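One letter stands for each residue in the lines below.
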Amino acid sequence: MAAKFLPSAVLGNSRLLVTLAGSGEIQRLFWPHVDGPQHVERLLVGIGVPGEPVIWQDDPSWQCEQAYEPDQNVLVTVARHPRGLAVRTVEAAVPDLDILVRQVTVTNAGRERLPVRYALYQWLRVDENPLHNTALYDEGSDSLVHYRRDVFVALGADRPLAAAGVGPSEAVLAAATAQDLAGTALILHGDVAAAGLWDLGTLAPGESAGLALFWALGSNIGQVRKLLAAARREGAEKLLAETRRYWAGWLRRARPLAVPGDGGEAAAPAPGRTALPGLAAEPAAAPARPALPGLPAQPAAPGQVAELYRRSLLVFKLMTDAGTGAVIAAPECDPAYRYCGGYGFCWGRDAAYVTVAMDRAGLHDLAGAFYRWALGTQEPEGWWMHRHHTTGQWGSSWGLIQTDETGSILYGMAVHARLHGGAAFAREVWPAVRRAAAWLLRNLDPETGLPRPAVDLWEERVGVHTYSAAAAAAGLRAAAELAGLAGEEAAGDQYRRAAEALRSAIWRECVRDGVFLRGRYLQIAKDAYLALRAAGEPVRERPGVLGRTLWERVWDPVMDASLLGLAYPFAVADPGDPVMARTVRRVVEALWVPGVGGLRRYEDDPYRGGNPWVLTTLWLGLYAVRAGDGDLARQILDWAVTRRTATGLLPEQVDPRTGGPAWVVPLTWSHAMYVLLALDLYGGREPRPAPVP
Ligand code: BGC
């Protein structure tokens, strides 16, 4: 079942990214980049009592609770078993060392004395590859080592191993479960697993014993041995304390959120002062009735609103690759593409929203690192490819050119220049901006003035999409702004005129019966084409490549949440314009899900059942702010708070039956939309733009 891929929590240090199940098992471990390679096939922890099989913690007989320490990338999992056992795990990736530290405390919660052992089984496929792996017991460092080529993973503890062994995955699991590893090998190659047992002694009722585990990652045996030695020298307490200090300091750099009533450090904004005009800073004294069914009747606790803002910033950092600056959409949860096309890649689309949120939250270094990465991944023709590995190579794809992504990256660059980088940044990125703007211009169809057909933002359809056209217009406008900052006045004028012409084309070509269309010239299957033609709908047929025929629907009337993007962020329509307002009303009528609340992406969305999405719903909130509907905006922000997972992360989609997370956790773009809306509502005054010299 797909849900087994979904993490409950995520830890990392921007080189190492770890996803964990609610029961505490490490599901995935990505290193040396946040998109991989991924090294864990299966990892189990459990408790062994003599004469009984190990009770692995993924067994449903355990009751588990999990939470992050507040404002920390430190995770606490408590597991209780009716056998009279309680296991408390505190873990984190150490910020400046590639070590995952897990501090375990096992308590005898029963009535009799109990001899206990901590058991661990790990089937690693280092480098995501079943071939040429080796697992061994490294006597010198008393650790379990797995390696393949230049990736080495060593697992050691602060107590000596009582027993250890390696071998084929099933045989080692059986031996570990039986607590009898004597018959296993001490070194073996192939698709191999390892297991270890640590004696924790005999615990009297109520007594606890501790064990610290350290996973060290490096590119050769010397490195991981050294890291393990350092970890043991420092000890888990100290490593965790340093980690906590790091994240507390890191969050302090960010712009605080001033939610009225929140007892946090941030000061409440002066009365009436919000980031955007037209909104009162304070919620109405009496809670407003839900503006849409499924929105919360009661406001979220101010502390929770602010906490999710800070959690979102922490997620941003974990999803940003330290080595390259790329930001991934989410930790990969479906590498075999069984249920989707995968998420552990960097998309220009997602990254633009994320970096604008970073910039507005004051995390300019992260945003800047992404744009520097983008300079190296631009195609020679000026566009940016569908998605990339963090290391800059093309990601696997089902549609290379998605026009909105190139527009979005330019848009984000202009925001970065405005809020932080100023003219120096504009000059630095100018060659890339010029290439991108030239491509956007070349890509316009002289007949319509709109971009040529490409894949839409949901990556499902080829056509001339209104959202993508708006992104291209915003990209050209951004290029004009950057040109101005870079002292390239003539180019700036040209792009400004082109942006305006594209805006007019959108209004001319993409409005029908007083509402925006999703697009024009949508490519459809021949059957659909014939059916529409028979029904008198305008369709057309034209030649494609290799002698193929393209079947197109001239007007694409499907209501789509992305039409919100015409107002925000791409500003080709005024939020209050009657056409825009009518379009939004139609979007809401067609896509709002009563009950659990939330906005679907578009009518008849088949992806994972067509659930409401967190980011589309927050997008409606971002629109509402700009249309002056503060109640709706605030209620939507509060709704997002209620849709966070048990550990406080935002998923991509919401289950329309339960309201719980339906797919992909955490989705960086969901967190970005939350940060943007939270800052609109409670961010106080927008930071001063960088001065233009
Ligand atoms: C969405 C895209 C998005 C990608 C990565 C897809 O499911 O349709 O809009 O860019 O995921 O988040």
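Residues numbered from 1 in each chain as written. Predicted model: local features only at pLDDT ≥ 70, side-chain atom pairs only at ≥ 80, totals over all residues. Heavy atoms only, no water.

Draft legend 1. A look at the site of the ligand. Surrounding the ligand, one finds 14 residues, the nearest of these being Tyr-343, Arg-349, Asp-350, Leu-457 and Arg-601. Between Arg-601 and the ligand, the recorded distance is 3.1 Å, taken from a side-chain N or O atom to an oxygen atom. When the ligand sits alone it has 310 Å² of accessible area, and the protein chains cover 95% of it. (Near = heavy atom within 4 Å. Polar contact = N/O pair within 3.5 Å; in protein donor to acceptor, adjacent residues only side chain to side chain. Areas by Shrake-Rupley, 256 points an atom, 1.4 Å probe, with all protein chains shown as cover.)

Draft legend 2. Region of interest: the environment of Leu-200. Here Leu-200 is to be found in strand 17 (residues 192-203). Since its relative accessible area comes to 6%, Leu-200 is described here as buried. As for Leu-200 and Pro-115, which are separated by 85 residues in sequence, their C-alpha atoms are 7.3 Å apart. Look past the residues within four positions of Leu-200 in its chain and what remains in contact with it is Val-106, Val-116, Arg-117, Tyr-118, Arg-159, Ala-209, Gly-210 and Leu-211. (Helix = DSSP H or I, 4+ residues; strand = E, 2+ residues; numbered from the N terminus. Buried < 20%, exposed > 50% of the residue type's maximum accessible area, 1.4 Å probe, protein only. Contact = heavy atoms within 4.5 Å.)

Draft legend 3. Spotlight on the side chain of Ser-670. Locating Ser-670 in the fold gives a position in helix 14 (residues 668-682). Dropping the residues within four chain positions of it, Ser-670 is found in contact with Val-614, Leu-615, Leu-618, Leu-650, Pro-651 and Glu-652.

Draft legend 4. Region of the structure containing the pattern of salt bridges. Tallied over the full model, the rule gives 35 salt bridges. For Asp-98, the salt bridge is made with Arg-15, and the minimal N-O distance between the two is 2.7 Å. On the criterion of sequence distance, the pair formed by Asp-98 in the loop between strand 9 (85-93) and strand 10 (99-108) and Arg-15 in the loop between strand 1 (9-12) and strand 2 (17-20) is long-range, its members being 83 residues apart. Classification of Asp-98 as buried rests on a relative accessible area of 12%. Note that Glu-234 is salt-bridged to Lys-238, the shortest N-O span being 3.4 Å. Residue classification places Glu-234 among the partly exposed positions, given a relative accessible area of 28%. Here the residues in one salt-bridge network are Asp-456, Glu-460, Arg-461, Arg-601 and Asp-605, joined through shared partners. (Salt bridge = Lys/Arg side-chain N within 4 Å of Asp/Glu carboxyl O.)

Draft legend 5. Fine view of the domain arrangement of the protein chain. Assigned domains of the protein chain: these are domain 1 (9-225) and domain 2 (253-280 + 300-318 + 574-683). Look at where the C-alpha atoms of domain 1 and domain 2 centre, and you get two points 37 Å apart. In this complex, domain 1 contributes 14 residues to the contact, which on the side of domain 2 involves 10 residues. With both sides pooled, the region where domain 1 packs onto domain 2 buries about 1000 Å², and carbon together with sulfur makes up 54% of that total. When the buried surface of domain 1 facing domain 2 is broken down by residue, Tyr-68, Asp-71 and Asn-73 rank first, second and third, together holding 47% of it. On the surface where domain 1 and domain 2 come into contact, there are one salt bridge. (Domains from an automatic or database assignment. Buried area = accessible area lost by both parts, 1.4 Å probe.)

Draft legend 6. Structural detail: the side chain of Thr-668. Mapping Thr-668 onto the fold places it in helix 14. According to the relative accessible area criterion, Thr-668 is buried, its value standing at 1%. Among the polar contacts listed, one links the side chain of Thr-668 to the backbone oxygen of Ala-329, at a separation of 2.8 Å. Residues contacting Thr-668, with those up to four places away along its chain left out, are Phe-316, Met-319, Val-327, Ile-328, Ala-329, Ala-330 and Val-354.

Draft legend 7. Local environment of the sheet that holds strand 15 (residues 163-168). With antiparallel pairing, the five strands of this open sheet are ordered in space as 6-5-11-17-15. Each edge of the open sheet is held by one strand with a lone partner, namely strand 6 (55-56) and strand 15. As judged from the six bridges shared by strand 15 and strand 17, these two strands associate in the antiparallel manner. Along strand 17, the bridge assignment pairs Gly-165 with Ala-195. Taken strand by strand, helix 1 (residues 169-177) contacts strand 5 (40-48), strand 6, strand 11 (114-124), strand 15 and strand 17, and its axis lies near 155° from that of strand 15. (Pairing = 2+ DSSP bridges. Axes fitted to C-alpha atoms, helices over the stretch in contact; angles between N-to-C directions.)

Draft legend 8. Fine view of the packing of helix 5 (residues 348-360) against helix 14. Packing of helix 5 against helix 14 brings their axes to within 9 Å, and their N-to-C directions diverge by 35°. As helix 5 runs across helix 14, the sense of the crossing is left-handed. Across from Arg-349, Asp-350, Tyr-353, Val-354, Val-356, Ala-357 and Arg-360 in helix 5, the residues of helix 14 making contact are Thr-668, Trp-669, Ala-672, Met-673, Val-675, Leu-676, Leu-679 and Asp-680. Of the residues in the contact of helix 5 with helix 14, the class split is 10 nonpolar, one polar and four charged. (Left-handed = near helix turned anticlockwise from the far one by under 90°. Nonpolar A, V, L, I, M, F, W, Y, C, P; charged D, E, K, R; others polar.)

Draft legend 9. Structural view of a nonpolar patch on the surface. Where nonpolar side chains cluster on the molecular surface, the patch consists of Trp-394, Leu-400 and Ile-401 and spans about 250 Å² of accessible area. Looking at the secondary structure, you find Ile-401 in the loop between helix 6 (364-377) and helix 7 (403-442). (Patch = residues over 30% accessible without salt bridge, like charges linked within 9 Å, V, L, I, M, F, W, Y side chains within 5 Å.)

Draft legend 10. Layout of the pairing of strand 9. In terms of burial, strand 9 is largely enclosed, as eight of its nine residues are buried. Alignment of strand 8 (residues 75-81) against strand 9, held across seven bridges, turns out to be antiparallel. Along strand 9, the bridge assignment pairs Ala-79 with Val-87. Hairpin connection from strand 8 to strand 9: three residues lie between these consecutive antiparallel strands, with Gly-84 at a positive phi of about 90°. As paired elements, strand 9 and strand 10 share nine bridges and run antiparallel to each other. Bridging from a neighbouring strand, Glu-91 pairs with Arg-102 of strand 10. Between strand 9 and strand 10, which pair antiparallel one after the other, the connecting turn spans five residues.

Draft legend 11. Examining the environment of Gly-235 more closely. Note on placement: Gly-235 falls in the loop between helix 2 (221-234) and helix 3 (236-252). The sequence separation of Gly-235 and Asp-638 amounts to 403 residues, and the corresponding C-alpha distance is 41 Å.

Draft legend 12. Geometry of the nonpolar core. Val-106, Tyr-118, Leu-313, Met-413, Trp-619, Leu-620 and Tyr-674 are the most contacted members of the largest nonpolar core, which has 212 residues in total. For this core, the two domains that each supply at least three residues are domain 1 (9-225) and domain 2 (253-280 + 300-318 + 574-683). Residue contacts for Met-413: discarding those within four places in its chain leaves Tyr-371, Leu-375, Trp-384, Phe-425, Val-429, Val-433 and Leu-482. Counting residues in hydrophobic clusters, the runner-up holds 22 residues, among them Val-94, Ala-154, Phe-214 and Ala-216. (Core = buried A, V, L, I, M, F, W, Y, C linked by side-chain atoms within 4.5 Å.)

Draft legend 13. Representation of unusual backbone geometry in the model. Omega for the peptide link from Trp-31 to Pro-32 comes to 10°, which places this bond in the cis form. Relative to the helices and strands, Pro-32 resides in strand 3 (residues 26-33). Cis rather than trans, the peptide bond between Val-665 and Pro-666 has omega equal to -20°. Tracing the backbone through its elements, the reader meets Pro-666 in the loop between strand 27 (661-663) and helix 14. Although it is not a glycine, Arg-149 adopts a positive phi angle of roughly 45°. With phi around 55°, Gln-179 is a residue other than glycine that occupies positive phi space. Relative to the elements of secondary structure, Gln-179 occurs in the loop between helix 1 and strand 16 (187-190).

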